[in-house]
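# Working through the structure, step by step
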Amino acid sequence: MTTATTGIPVRPASVGTAHTRIEGRDKVTGAAQYAAEVPFTDLAHGWLVLSTIARGRIRALDTDAVLAMPGVLAVLDHRNAPRVETDYVGFLGKPDPTCAVFQHDRVPHLGWPVALVVAETSEQAREAAESLVVHYEQEPHDVEFRGDHPDAYPVDAIMPAVTGKGDLEAALAASAVVVDAEYTTPEEHHNPMEPHAATAHWDGGRLELIDSNQGATWVLGDLAKLFSLDPASVRVRSEHVGGGFGSKGVRAHQVAAVMAATVLQRPVRVVLTRRQMFSLIGYRSPTTQRVRLGADADGRLRALEHRSLSATSTVHEFVEPSAGVARVMYDAGAHHTANRVVRLDVPTPTFMRAPGEAPGSFALEAAVDELAEKCGIDPIELRLRNEPDKGPVSGLPFSGRNLAACFREGARRFGWADRDPRPAVRRDGRWLLGTGTAAASFPSGAAPSTATATAHPDGTFTVRISAADIGTGARTALTLVAADALQVPPERVHVRIGDSDFGPAMLAGGSMGTRSWSWAVQAAGGELLERLALGTDIPPEGITVRSDTAAAVGALTPAERHSFGAQFAEVAVDVTTGEVRVRRMLGIFAAGRIVNPLTARGQFLGGMIWGISMALHEEAVRDRASGGPVGADLAGYHVATHADVPRIEADWIEDTDPDDPVGIKGIGEIGIVGAAAAIANAVWHATGVRHRNLPIRPDRVLSARAGAPDA
Amino acid sequence: MREFEYQRAFDVAGAVALLGADPDTRFLGGGTNLVDLMKSGVERPARLVDIRELPLDEIQSAPDGSLRIGATVTNGDLAAHPEVRRRFPALAQAVLAGASGQLRNMATVGGNLLQRTRCGYFTDVTQPCNKRVPGTGCPAIEGEHHNHAILGASGHCVAVHPSDMAVALAAFDAVVHFATADGPGEVPLADFYLPVGDTPHRETVLPAGALITGITLPPAPVAAHSRYRKIRERASYAFAIGSLAAALDVQDGVVRDARLALGAVASRPWRAAAAERVLIGAPADAETYVAAADAELAAARPLPHNGYKVDLVRNLVVAVLTELAEEAAR
């Protein structure tokens, strides 16, 4: 995948070789500075005050008492804060008004920002913020998400809300085997290790934001529009990011920091607490999904219906498009899908790792497992019999669909052929044992990006791109891509990222970051190499070329472009205590060319471990009376610990994307897809009980044993 | 966060004098619970008296076979002590079942007894809570309570005590020693925690201004054959949804002695005295174990979402006693 140029010998590719993180030493020694750690002179600290009611109006704020407290510089609220513009369309559509803080007296959910207290120290700001008395006019609220909510309606979002072909009821009636089941997933939160943090300051008429985000130019675009600024007069830097998972775009704290820096004309930092993150950064909505499958006795689908309901806030429509996965995975003569939402008095949900696919694959892949059981067919064989040859809804060809190869390789390595399909017949002491599998897919895409490549007289190169390394290893991956493009060892390439001054680029999201950036880096590097081949001397300031992939990306022909994978899990269940332990997992992926096997494996494993959490642990509980979250910290909100993570293997098969200049598809999200279904299917195989509500908590396992065979 | 003063004490009398029965002052041990509560605003002390330098960090065997554990012994040191592991294995197992290695190296024995509940309403200062602000109500009863009490709760509070260590201590008749300005005192752990009643904010019988100085475990041969089993919603680093410390002495198929205490079922570690009465003198078989569990659980008053704990506790009692009896027979 290198650009061979006359006169320069082709080096062995760096892409595809394992490379430790370039900034790894800085991170483990603490030398890497995160957004809240960058020092500023004259820095002031802002602390957000959040509403304690779920719906109503602010009647008054007793700011005088707070302004008299030690160190307090200002209190911003809806009466005195700068006005912002929200009537615009950003990179991801209309902005969630949640980020437009202090513009009115309405309170649409518990945890809504009602004021920012700014003080000389963080402790003073916090003490004053927690002392601020806010008087509300409270109104009745509704935060209860339930599958039969009467106010649900379909929403077109990143995909159409509803698709349909064929007569569903007739096809179900004509089916030898029918599965009709409802699945639920709970409210889930991103919880990146690094809390959101931003420092805003004006520097010679230019606004600079030191931030933790998933896309510097993305955040810049929103801030410029919100504050009606020339984009050229805004700079956003985000060098190191401790996780994002979809939550790190423009949020209340950055906007509040800019407001305060503007009012006070000094640098202002706003950092969120873990508890505040449960209200302010978005989350994954709970879902209720109904899946109906009808098949012939040989397992071939005649009918497929996948309907999903998710929640959104009263101020913004966000849909968790769980039914979308059925539009990719399986075809049937009668094929109907729908994503609906209900508006509740809750914060607006947002993109969270594998939006749609993560909860959708749980419902669909569990239903397919139930169908396999009813048909008496091996669940892998049933899936292979239903492999579509074109997009079930779009009718477009697949640009590489190597799902069957993933299943074959996975089955071989997992020992699937020896599996006894009967449930509840294997025991190891107090543990019942079972295995399960599920399919995975996630869209593969690229978005226009720009990059520059500079050749220096000493033979080294600098590549600049406004990419974000949110823990994925993107900085290292781009270094390998640049090295190949420039035909040099990686040690001679310095990749700089996380600065909006480097020009527009895709954000780290949609599993599209590394692919989109690599495209631009490859183009810039290739062009620079051609310039250098002309033999000109390199001046002290170097020779720089810029790439822009807009035209090339726009020329991609329409196709069903996805990564695929096969997930396998073995679980042990003690039905007398309700404990479920995953004993081993295997994921085999067809996800394009793998740039850096070391960090790629980490991403796959991380996704699969998140799948363990999704299956067994993660759940945010919303208190009906107050409307707020209960136990909003990492002691109350459980993710898998090391002790929950068994021997896990992730591997991949050759799947180079012919339509991408580097061969990449994107791996950021597919690791979690299907993982929860594989575990739930294994729990059925162990116990004979279908758990259709996540997470599979001990109390659910215990209660299921006492009651019906379904839970 | 409220500003606070920090002082360090170097002997017991000095610590007690520094505290001076000031309601705005707290002793600081490992700080693994107190500092969290200060960050969340549940605790707002004006002053901290650091007691980690006190000479209370030893574990000593007395000639009568009792074990004296100093109040500032870390959880990690307690679990690693050879005498504890040999004579009270359930205690070592209970400590190791809690928190993480880092936390256990900080947390102290005295502080562990005084841990506050992790009820999500208690730890959120924007919510009502009778334990935190008397008279404001208990939202858990109508709200989220799937890990709340089934025994000994009241209409005023249904929170559970979070300690694993204290469950094992309760099974082995531990005695708590403390010092006050008027001199030393002691109280059996069985009487240390107050009933919930209508005063859930009053948790222990410790006099105002008292400093816990240590714990004594009286000799208990049965404890050498003991076990702690903890059930939680993940494999590590989570509070129990149900736990059991049990010791069993079986001879000729008959239970000669038994100690049982339950965790995560009540506002305090719950000594299962009713179960012990059924066990002692009865045949060591599953029927006896079920009867023992049911005798204890007869008083259970589960809420709509925590009834599973009744089944869980019954299953735990049967499983652990069966294991202990089978091992004794080998």
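Residues numbered from 1 in each chain as written. Chains lettered and ligands numbered in written order. Predicted model: local features only at pLDDT ≥ 70, side-chain atom pairs only at ≥ 80, totals over all residues.

## Observations concerning the overall build of chain B
Here is the rule: Working definition: helices are DSSP H or I runs of at least four residues, strands are E runs of at least two. Numbering for both runs from the N terminus. Taken over C-alpha atoms, the radius of gyration is set against a globule rule of 2.2 Å times the number of residues to the power 0.38. Between the buried cut of 20 or more and the exposed cut of 12 or fewer other C-beta atoms within 10 Å of a residue's own C-beta lies the partly exposed class, and all C-beta atoms are placed from the backbone. This entry defines residue contacts through backbone-placed C-beta atoms, with two residues in contact when those atoms are within 7 Å.
Counting its regular elements, chain B contains 12 helices and 12 strands. What you see for chain B is a C-alpha radius of gyration of 20 Å, in line with the 20 Å of a compact globule of 330 residues. Reported as C-alpha extents along the three principal axes, the dimensions of chain B are approximately 60 × 50 × 35 Å. Taking all 330 residues of chain B together, 53% fall into the buried category. Pairs at least 24 residues apart make up 65% of the contacts formed inside chain B by residues separated by at least 6 positions.

## Re helix H13 (residues 513-533) of chain A
Residue and element names in this part refer to chain A. Heads up, the rule is: Each residue after the first adds 1.5 Å to the expected span of a helix.
The end-to-end C-alpha distance of H13, which contains 21 residues, comes to 30 Å, matching closely the 30 Å that a straight helix rising 1.5 Å per residue would cover. Where burial is concerned, most of H13 is hidden: 16 out of the 21 residues are buried. Immediately beyond the C-terminal end of H13, within one or two residues, lies glycine 535, with a positive phi of roughly 85°.

## Points about the sheet that holds strand S4 (residues 106-107) of chain A
Residue and element names in this part refer to chain A. Defined as follows: Any two strands are treated as partners once DSSP identifies two or more bridges connecting them.
Read across the open sheet, the 3 strands follow the order S4-S2-S6; overall the sheet is antiparallel. Every other strand in the sheet has two partners, leaving S4 and strand S6 (134-138) as the edge strands with one partner each. Pairing of strand S2 (residues 56-61) with S6 involves 5 bridges; the strand directions are antiparallel. The partner of alanine 60 across the bridge, within S6, is histidine 135.

## Things to note about the nonpolar core
Applicable threshold: In this description, a nonpolar core means buried residues of the types Ala, Val, Leu, Ile, Met, Phe, Trp, Tyr and Cys, linked to one another by C-beta atoms lying within 7 Å.
In terms of nonpolar packing, the biggest core is built from 312 residues, with A:Val117, A:Ile679 and B:Ala168 touching the most fellow members. Residues contacting B:Ala168, with those up to four places away along its chain left out, are B:Phe88, B:Ala90, B:Leu91, B:Ala94, B:Tyr228 and B:Ala245. Core analysis: the second largest hydrophobic core is formed by 9 residues, A:Leu309, A:Phe318, A:Val319 and A:Leu344 among them.

## Describing the packing of helix H9 (residues 357-375) of chain A against helix H16 (residues 675-687) of chain A
Residues and elements named next belong to chain A. Rules: Every angle, taken between N-to-C directions, lies between 0 and 180 degrees, and every axis is a line fitted to C-alpha atoms, over only the stretch in contact when it is a helix. Handedness of a crossing follows from how the near helix is turned relative to the far one, being left-handed for an anticlockwise turn of less than a right angle and right-handed for a clockwise one. Side-chain classes follow a simple rule in which Ala, Val, Leu, Ile, Met, Phe, Trp, Tyr, Cys and Pro form the nonpolar group, Asp, Glu, Lys and Arg form the charged group, and the remainder, Gly included, forms the polar group.
In the contact formed by H9 and H16, the axes pass within 8 Å of each other and the chain directions differ by 35°. The crossing of H9 and H16 is right-handed. Residue-level contacts link Ser361, Phe362, Glu365, Ala366 and Asp369 of H9 to Ala676, Ala677, Ala680 and Asn681 of H16. Grouping the constituent residues of the contact of H9 with H16 by class yields 5 nonpolar, 2 polar and 2 charged.

## Concerning the UniProt feature "domain: Aldehyde oxidase/xanthine dehydrogenase a/b hammerhead" (unreviewed entry) in chain A
Rule in force here: UniProt positions are given in the numbering used here, feature names are shortened, and annotations may be inferred rather than shown by experiment.
Here, the residues flagged by UniProt with the feature "domain: Aldehyde oxidase/xanthine dehydrogenase a/b hammerhead" (unreviewed entry) are residues 29-140 of chain A. Summarising residues 29-140 of chain A: 14% helix, 29% strand, and an end-to-end C-alpha distance of 51 Å.

## Side note on the sheet that holds strand S24 (residues 579-590) of chain A
Residues and elements named next belong to chain A. The strand order S17-S18-S23-S24-S27 describes an open sheet built from 5 strands, whose pairing is mixed. Of all the strands in the sheet, just strand S17 (427-428) and strand S27 (647-652) have a single pairing partner and so form its edges. Bridge analysis of strand S18 (residues 431-443) against strand S23 (residues 562-574) gives 12 bridges, and the strand direction is antiparallel. Pairing of glycine 434 across the sheet is with valine 571, part of S23.

## Re the interface of chain A and chain B
Each side of the interface is counted separately: chain A has 33 residues, and chain B has 27 residues. Here the element with the most residues in the side of chain A that touches chain B is helix H17 (residues 698-706) of chain A; it accounts for 5 residues. Along the lines of polarity and charge, the residues of the side of chain A that touches chain B split into 9 nonpolar, 12 polar and 12 charged.

## Thoughts on the environment of A:Arg647
Residues and elements named next belong to chain A. Relative to the helices and strands, arginine 647 is located in strand S27. Assessed through the 10 C-beta atoms surrounding it within 10 Å, arginine 647 is described here as exposed. Expressed as a C-alpha distance, the spacing of arginine 647 and arginine 583, which sit 64 residues apart in the sequence, is 7.0 Å.

## Considerations on the UniProt feature "domain: FAD-binding PCMH-type" (unreviewed entry) in chain B
Feature annotation in UniProt places "domain: FAD-binding PCMH-type" (unreviewed entry) on residues 1-222 of chain B, given in this structure's numbering. Annotated as 26% helix and 17% strand, the span residues 1-222 of chain B places its first and last C-alpha atoms 48 Å apart.

## Observations regarding the domain arrangement of chain B
Stated formally: Domain limits in this description derive from either an automatic procedure or a database domain assignment.
Split by domain assignment, chain B resolves into domain 1 (5-50) and domain 2 (225-329). In this structure, domain 1 of chain B and domain 2 of chain B have C-alpha centres spaced 36 Å apart.

## Quick word on the domain arrangement of chain A
Residues and elements named next belong to chain A. According to the domain assignment, chain A contains domain 1 (24-32 + 447-552) and domain 2 (369-446 + 556-711). On a C-alpha basis, the centroid separation for the pair domain 1 and domain 2 is 35 Å. Contributions of two or more residues to the side of domain 1 that touches domain 2 are made by helix H12 (474-486) and H13. Per element, the largest residue contribution to the side of domain 1 that touches domain 2 is 7 residues, and it comes from H13. For the side of domain 1 that touches domain 2, the per-class residue count stands at 6 nonpolar, 10 polar and 1 charged.

## Overview of the pairing of strand S11 (residues 206-211) of chain A
Residue and element names in this part refer to chain A. The line we're drawing: Clockwise travel from the first strand over the helix to the second, with the strands pointing away from the viewer, marks a crossover as right-handed.
Most of S11 is tucked away: 5 of the 6 residues are buried. Here strand S10 (residues 197-203) folds back onto S11, and the loop between the two strands holds 2 residues, one of which, glycine 204, carries a positive phi near 55°. Looking at chain direction, S11 and strand S12 (residues 234-237) are connected through 4 bridges and run parallel. Each residue of the ladder has a partner; that of glutamate 208, found in S12, is arginine 235. As a crossover connection, the stretch from S11 through helix H5 (residues 216-226) into S12 is right-handed.

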